[in-house]
Amino acid sequence: QVQLVESGGGLVQPGGSLRLSCAASGTIFRIYVMGWYRQAPGKQRELVASITSGGATIYADSVKGRFTISRDNAKNTVYLHMNSLKPEDTAVYYCAKISGTESWGQGTQVIVSS
């Protein structure tokens, strides 16, 4: 069973930046496909970005050019660098292992507001 713990959320002004981190348990993190999802009140959970073991990435159209997903396999950690944040980015952000048996973190809140 893989455990995931997100951190780095908080309150930020529009146009600001945040970096989310996700620390994973396990000895084979390097082979996992990892992703970041988000869910706003009243909305379905949506994929924000994903990254394969080889570093191939996918981004939602709404965040392309603003967000960057990356991973450090030596630290068993995946990151989401968020720039030029907008109020519509406000949501709970979840880290997930999306290859094989899925695993989800508890989420970290991001609020973009002036």
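*Asks:* What am I meant to see in the overall build of the protein here?
*Replies:* Scanning the protein from terminus to terminus reveals 0 helices and 11 strands. Seen in sequence order, the protein has helices and strands lined up from the N terminus as β-β-β-β-β-β-β-β-β-β-β. Computed over C-alpha atoms, the radius of gyration of the protein comes to 13 Å, within 12% of the 13 Å expected from 2.2 N^0.38 for 114 residues, which places it in the range of a compact globule. Taken along its principal axes, the extent of the C-alpha atoms in the protein is 40 × 25 × 20 Å. A total of 114 residues make up the protein; the buried ones form 41% of that total.

*Asks:* What is the right way to read unusual backbone geometry from this model?
*Replies:* Glycine aside, residues mostly have negative phi angles, and peptide bonds mostly take the trans form. Unusually for a residue other than glycine, Asn76 sits at a positive phi of about 50°. When you line up the elements, Asn76 lands in the loop between β7 (67-72) and β8 (77-82).

*Asks:* In this structure, what is going on with the packing of aromatic side chains? I would like to understand it.
*Replies:* Where two aromatic rings form a pair, the distance of their centres and the angle of their planes describe that pair. A full pass over the atoms with the stated rule returns 2 aromatic pairs. Each ring, one from Phe29 and one from Tyr32, has its centre 6.2 Å from the other, and the planes form 85°; the classification is edge-to-face. The same class applies to Phe29 as to Tyr32, namely buried. When the ring centre of Tyr94 is taken as reference, the NZ or CZ atom of Arg45 above it lies at 4.1 Å.

*Asks:* Just to check I follow, could you spell out the sheet that holds β8 for this structure?
*Replies:* Sheet strands associate in pairs through backbone hydrogen bonding, adopting either a parallel or an antiparallel arrangement. The strand order across the open sheet formed by 4 strands is β1-β3-β8-β7, and the pairing between neighbours is antiparallel. Because the sheet does not close on itself, it has two edges, and the strands there are β1 (4-7) and β7. Strand-to-strand, the axes of this sheet are offset by a mean angle of 15°, without reference to chain direction.

Analysis parameters
Residues numbered from 1 in each chain as written. Predicted model: local features only at pLDDT ≥ 70, side-chain atom pairs only at ≥ 80, totals over all residues. Heavy atoms only, no water. Helix = DSSP H or I, 4+ residues; strand = E, 2+ residues; numbered from the N terminus. Rg over C-alpha atoms; globule rule 2.2 N^0.38 Å. Buried < 20%, exposed > 50% of the residue type's maximum accessible area, 1.4 Å probe, protein only. Phe/Tyr/Trp six-rings, centres within 6.5 Å; stacked < 30°, edge-to-face > 60°. Lys NZ or Arg CZ within 6 Å of the ring centre and 35° of its normal. Pairing = 2+ DSSP bridges. Axes fitted to C-alpha atoms, helices over the stretch in contact; angles between N-to-C directions.

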